[in-house]
Every structure is written in C-alpha cells, then in structure tokens.
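# Fold and geometry: a report
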Amino acid sequence: MTEQAAMTIAHISKTYKNGRGVRDVSLSVNKGEIFGLFGPNGSGKTTLLKIMTGLCTADEGAIHIFGHSISEQFEGAMAKVGCVIETADAYEYMSGYANLKLASRFYNDLPSGRIEEVLELVGLKAYGHEKVSGYSLGMKQRLALAAALISNPKLIILDEPTNGLDIEGIISVRNVILHLAEHQGMTFIISSHMMSEMELICTRIGILFGGQLIGQGEIGELLEGGQTMEQYYLSAIQPFKEGAAHV
Amino acid sequence: MFSLTANIRNEMHKWWLHRKTKWFLLAIVLLPVGFAWLIANVQVSMGISAIIGTDFPLIMLGLLTTILLPLYLFMTAADSFSGESAARTMKIVLVRPITRSKIFASKVISLIVIAIITLAGGWLASLLSGLFLENSWSLSGIWDGAAAYMVALVPMAVVAIFAALVAQWFQSSTTAIILCIAIYGALKLLPYLLPQASVWSPFAYTDWYSMWLGNGVSFMKLFSVFVFLLSCSIIVYMAGLLQFARRQY
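Now for a description of the structure that goes with this document. Since the model is a prediction, treat every value here as computed from it, not as a measurement. (Residues numbered from 1 in each chain as written. Chains lettered and ligands numbered in written order. Predicted model: local features only at pLDDT ≥ 70, side-chain atom pairs only at ≥ 80, totals over all residues. Heavy atoms only, no water.)

## Section: helix α3 (residues 56-86) of chain B
The condition that has to hold: The angle between axes fitted to the seven residues ending at a residue and the seven residues starting there is what we call the bend at that residue. Only DSSP runs of H or I reaching four residues or more are called helices, and only runs of E reaching two or more are called strands; each is numbered from the N terminus.
At B:Leu64, α3(B) shows its largest kink, close to 50 degrees. Two residues or fewer after α3(B) comes B:Arg88, characterised by a positive phi angle close to 65 degrees.

And the structure:
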C-alpha cells in the first residue's frame, strides 16, 4: 500500500447463495480523490461497499484503509471513515440531534458544537430537534450524510447518495461533496448507477459489471477523443456481454 | 475500552428514549404500591396480619424475578438485536470504529444495567410500600431485603444473556420474544415433570436469593450454584457472540 492510497482493495471476491456477488476486484483509491463506483443494478456495488465497511466479509482478498486491515484492525481502519450504505437509516423515535449525539460518542476528539456544525452543513439545523419519524426522505438522506461527517473523516463512502432525492436535494448533496473534497481534502468513494451524476462529481471512476471491475480511470482520460461516458460504458461492457452470450 | 463505554452509553440512551421504558419503570414502582394497599385492606378487613412490612419486598422480588423482569429482558434484548436488524439501524453502529465483540458486549452489559435499575427501583418501591402494612421494621430485615435484591441480579444476568442469544436467531423481535418465553416457560415447568432435571436448568434458580436468606444453605452450595450459573452464562454468551460476529448485513 502506497502512502498516497486512502484505500487499497486486493483480489476481493464474495459469492452469495444466488450466485451474485463480486469477483477478484482490485483497486486503489488515492487521498483527495472522488472515486465513483459505477455499474448497473445488481453489478455488485453495494456488496463491495459493504465489504469495505465490514458489514459483510469477503470470501477472499484484503482491504486496507489508511494502512489498517478492515478484517484485523477494524477500529483503526474505521476511525477516519464515515459512510452511508444502502439506505439512509436513523433511529426514528429520536431527534436528528440525538442521532448525531449517539454517532459522536465514538470519537473522543470532536470539538464542542460539531453536531450543530454538521447539521448546518447539510441544511438541517432548523429541524435538528424534530423527531426523525417526521423527516422526509431527503431530510433522512441529509441526516445520514451528517452522521457520516460527524467525525470529520478523511474518507467518506456513500452508496447511491442522491437516490430518491428531488433535483434540489441532488444539487445540495453534490455541492456538499464537492465543497468537502475541495476545501477539506476529504476522499470520497461514491457508488451510483446514474452516469451523469458520476460525470459531474467524480475525478476517477471504476466500472463494475457482473461483479467484476471491468475498467477504471480518470474521467478526463476516459472521455478522450470526444466520446461520452455512455459510449465509454457501452464499449467497456461489450466484450463481457459477448463473452456471456457465447457461454 | 473507549468504544465499549461509548456504546454502553448509547444503548442506555436509546433504552431511555423508548416510550415503553417509562411505562415499565412506572409499573415497577406502582405495582408494589397497589399490592401493598390491597394486602393492607384485606388484612384489616379480615383482622389478620399475615404479611409484615419487611417481608413485602421479598414477595415482590419473587414476582419480579419469575415473571416481570425476565419478560422485560426478553423484550429489550429482542429490540436491541432483532429489532435493530429489522429496522436496519444495526448498520449505524456496525460502521463505527467499534468491533462486533464490543458491540455485543455493550448490548449485554446494557441489559444487565437495566436489570440492576429495575431491581433497585423495585426494592425501593416495595420497601416504601411496606409502610402500608403492619409495621415490624428492623434494620436486619431491610438488609436481608437489600441483599436478596442484589443477589437476584445473578440469575437475571443469565436470563439477559440467554435472551441476547435467542435474539440472534431471528430478524423479527416478536418471534424472538415468543421463543424466549416458550423456552423459559418450558424450563420453568420442567422441575414439575422431572424434578431431578431441575438442578441443570439455569432458570430453576431465578429465586436463588431465597437460599441466601437465613442460615439454612451452606456456602459451598451457594458457591456451586453460582459457578453453575456463571458457566451457563459463559457458554450462552459465547454462542451469542459467535452468531453476532458472523452475521452478514
């Protein structure tokens, strides 16, 4: 693992009973990058993110976050990570503030007022003391993002962060991500099946298809020669589709 | 250690904010008051005094450790494990810098703290409720009651750990509670069918505080029961931890 890498993934494989999962995925995400994990539904994006965050274990392979093994040094690996995986969940019977209070207890060096700070950052300050059960989907998404940011992490992992949001919500989340990456040097790993969103946010992307990482690179490099992201994606998956058709 | 204590605080915070917590604690306080008032009235109307004030906390302890507290621990453990898995809030904790073994430990410790709070509240409420009854207060009687409530924690801890294990088997907290009650009820009834089997059931000792009262039971007997309960706790705890650690989310 290089000093530049925020996360290294080496030969990760996991197969579920239904045969789906991920196969021999290796990649490295550098510090300060906004790395997009792009792929269609069922391509293995969420599985890979779950393995990165210890929610499920890989059959094979290793993941290191800032030099700490996720399987052997979990606390060290997750100390500087914030994430929202699959759905924006929160304790519905509590206020947004209380939810963040619970999250903040896992970090002993947070400045006082950090909860108010993140609530303001995601635009929930006025609703912080309302119960989450009364929040809209967009507000829950923003609360989950606030919980991921509470520890001022160096790496943030977001699974479909704009899913279910209206256009204003999408713009708001996008701006928060770009602001944090630019001004605080945070590293992001973002999964999405929305190509246009990836193109607007990410500096580098990896394409997952059928559980395999079939391509990765800087956005600028991939779009060289005037091709669009859509064209790049279709050309990248073509050999794998043909291979599947021959089998 | 920091993450362990952080999650114990979180678990207690969540417990306190549950609406049913307040109702349960209110019931624990009001039940002795109601019983004492009822008994006092019956005693006065019948002209007898079967129960004296210092006995009353022990009568209430029997009710608490046989039915009320085990049922409440089953519900709380099911909420804490199965309920949180079903509501997908377990993930919120799992992605924080805390290992699964510490999450499991903190949840079990919280259940035991809840048992301590319940027993302490129950003792205080029943002691004060005893004022309704014919008074025969003595310092030794109060001490006996306090000691009984303290030692009652040991079998209640076993119940809590057992509930934590059963909660690993289900995504639904209702199913987990039903199975806990079924197993607990079966093991409580077992001594009536097979008296010789009762010594091997950890739930046969929910009233082991009675062994500590007076001088009837030897220290070695108390020690052997304690070691048995401790052994059961360790086995059940490890079985629960293994399942919790292996679960994929």
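## A short note on the packing of helix α5 (residues 100-129) of chain B against helix α10 (residues 219-246) of chain B
All names here are of chain B. For clarity, the cut-off: In this analysis, axes come from line fits to C-alpha atoms, helices being fitted only over the stretch in contact, and the angle between any two N-to-C directions falls in the range 0 to 180 degrees. Note on angle classes: values under 35 degrees are labelled roughly parallel, values over 145 roughly antiparallel, values of 65 to 115 roughly perpendicular, and the remainder oblique. Each crossing gets its hand from how the near helix is turned against the far one by less than a right angle, where anticlockwise is left-handed and clockwise is right-handed. Residues are treated as being in contact if the distance between any of their heavy atoms lies within 4.5 Å. We call Asp, Glu, Lys and Arg charged. Ala, Val, Leu, Ile, Met, Phe, Trp, Tyr, Cys and Pro are nonpolar, and the rest, Gly among them, are polar.
With their axes 9 Å apart at the nearest point, α5 and α10 run at an angle of 130 degrees to one another. Here α5 is positioned oblique relative to α10, judged by the angle of their axes. In the crossing of α5 with α10, the sense of the turn from one axis to the other is right-handed. Between α5 and α10, the residues in contact are Arg 100, Ser 101, Ile 103, Phe 104, Ala 105 and Val 108 and Tyr 237, Gly 240, Leu 241, Phe 244, Ala 245 and Arg 246, respectively. Taken together, the residues of the contact of α5 with α10 sort by class into 8 nonpolar, 2 polar and 2 charged.

## Re the pattern of salt bridges
Counted only if it meets this: Basic side-chain nitrogens of Lys or Arg form a salt bridge, by our definition, when they fall within 4 Å of a carboxyl oxygen of Asp or Glu. Accessible area is worked out with a 1.4 Å probe on protein chains only. A residue is then buried under 20% of its type maximum, exposed over 50%, and partly exposed in between.
What the rule picks out here adds up to 16 salt bridges over all chains. With its nearest N and O atoms 3.8 Å apart, the salt bridge here joins A:Lys45 to A:Glu160. Here the residue A:Lys45 occupies a position in helix α1 (residues 45-52), and A:Glu160 occupies one in the loop between β7 (155-159) and α6 (167-184), the gap between them amounting to 115 residues. When its relative accessible area of 4% is taken as the criterion, A:Lys45 is described as buried. Its relative accessible area of 11% is what places A:Glu160 among the buried residues. With its nearest N and O atoms 3.0 Å apart, the salt bridge here joins B:Glu11 to B:Lys14. Residue B:Glu11 and its partner B:Lys14 are both found in helix α1 (residues 2-17); the two are separated by 3 residues, about one turn of the helix. The exposure classification of B:Glu11 matches that of B:Lys14, with both residues buried. Salt bridges linked by common partners bring A:Lys50, A:Glu86, A:Asp89, B:Arg88 and B:Lys91 together as one network.

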